[in-house]
Amino acid sequence: MREINVSEIENAVAELFLDANLYLPSSLADKISQSQKEETNPIAKSIFCDMCKNLDASKDLNIPICQDTGMAILFCELGQDVHITGGDFTEAVNNGVKKAYLDGKLRCSIVKDPIRRGNTNDNTPALIHLNLVPGDKIKLTAAPKGFGSENMSRIKMFTPSATVDDIIDFVTETVKVADSNPCPPVILGVGIGSDFEGVALLSKKALCRDISIRNDDEFYRDLEERMLNKINQLNIGCQGFGGDITALAVNIETAPTHIAGLPVAVNVGCHVTRHKEITL
């Protein structure tokens, strides 16, 4: 049994959310730079150039990549041989989020009640997804999620009679309906399988996968590519001004489902889809 004090978790969470808001994953930054070279639409090409300048300015000035520093979403893979000591895990996570957002002067965007509103003023509570796994380590993945893109996400409960083309059309339609609202070019996390709430979680996990990593299954790897190609024929383009590149990547995650169902969820991410992880 390995002991990990909550103070270590709190400090790690604070560092993760601060860094995630300041620094884009290198593969995504590289993809944006590459897209600037490949784009043929002059306006879109110019905007890609501005995006690259924005990423550089964020590093130079030590300020967030985007003004919407997001809802604090944390994935935790907790080793079953870990004993957390010194306090409460959830409290430690929320203390870490508070530290990141208040000390880092990040925008606090969480309201106490969905209808009556009222800002919590520290960006808590975090949304925590906890999974028990073998081992004596804790893996933490921070994913601050802005809601310009989150609001464009969709779920559909297909029946098993749905074809692969039906699923591709639904994912493509989601991007078409979103248009310029999620600050394209977008990243798409697509969940297929599980049930109503499970498929939404799959799509969020997919969105947190590095875009340089393709699906392990050749069938779904090919499906990711087919979806990406069809989406990029929409001509929505960078920030909605038209162009060759509407999406930078499509990531698919799957799970077993019921014989009577075929759930599909699309979690839309903007061009600064942020995530960062650490293993304690």
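Note: the structure precedes this text.
Residues numbered from 1 in each chain as written. Predicted model: local features only at pLDDT ≥ 70, side-chain atom pairs only at ≥ 80, totals over all residues. Heavy atoms only, no water.

A.B. asks: An account of the sheet that holds strand β11 (residues 262–269) is requested, with residue identities and associated values reported.
C.D. replies: What the four strands build is an open sheet, ordered β8-β11-β9-β10; its pairing is mixed. Looking at strand neighbours, the two that pair on one side only are β8 (154–158) and β10 (247–257), the edges of this open sheet. If you compare each strand with its neighbour and ignore which way they point, the axes differ by 15° on average. Pairing between strand β9 (residues 186–194) and β11: six bridges, direction antiparallel. Within β11, the position partnered with V190 by the bridge is V266. Running over the sheet, helix α7 (residues 196–207) touches β8, β9, β10 and β11 and is turned about 145° from β9. (Pairing = 2+ DSSP bridges. Helix = DSSP H or I, 4+ residues; strand = E, 2+ residues; numbered from the N terminus. Axes fitted to C-alpha atoms, helices over the stretch in contact; angles between N-to-C directions. Contact = heavy atoms within 4.5 Å.)

A.B. asks: Give me the lowdown on the environment of V186, citing residues and values where you can.
C.D. replies: Locating V186 in the fold gives a position in strand β9. Considered as a pair, V186 and I231 are 45 residues apart in the sequence and their alpha carbons are 10.0 Å apart. Beyond its immediate stretch of four places on either side in the chain, V186 contacts T246, A247, L248, A249, V268, G269 and C270.

A.B. asks: Residue-level account of helix α8 (residues 218–231), with values.
C.D. replies: Compared with an ideal rise of 1.5 Å per residue, which puts 14 residues at 20 Å, α8 spans 20 Å between its outermost C-alpha atoms and is within 8% of the ideal. By the burial criterion, the buried members of α8 are L223, E224, M227, L228 and I231. Around the axis of α8, the buried residues are gathered within 135° of arc, so they sit on the same side. (Expected span 1.5 Å × (residues − 1). Buried < 20%, exposed > 50% of the residue type's maximum accessible area, 1.4 Å probe, protein only. Arc of directions from axis to C-beta.)

A.B. asks: For the packing of aromatic side chains, give the residues involved together with the corresponding values.
C.D. replies: Evaluation of the coordinates by the stated rule reveals three aromatic pairs. With 6.4 Å between their ring centres and 50° between their planes, F17 and Y101 make a pair best called tilted. Remark: Y101 occurs in helix α4 (residues 89–103) and F17 occurs in helix α1 (residues 6–22); sequence separation between them is 84 residues. Looking at F17, the relative accessible area reads 0%, which means it is buried. Assessed through its relative accessible area of 1%, Y101 is described here as buried. (Phe/Tyr/Trp six-rings, centres within 6.5 Å; stacked < 30°, edge-to-face > 60°.)

A.B. asks: Outline α4, listing residues and values.
C.D. replies: With 15 residues, α4 extends 21 Å from end C-alpha to end C-alpha; this agrees with the ideal 21 Å at 1.5 Å per step. Buried within α4 we find F89, A92, V93, N94, G96, V97, A100 and Y101. Looking at the buried side of α4, the elements it contacts are α1, β2 (71–79), β3 (82–85), β6 (127–133) and β7 (138–145). In this structure D88 caps α4, since a side-chain oxygen of it lies 3.1 Å from the backbone nitrogen of T90. Two residues or fewer past α4, K105 is found with a positive phi of approximately 55°. (Polar contact = N/O pair within 3.5 Å; in protein donor to acceptor, adjacent residues only side chain to side chain.)

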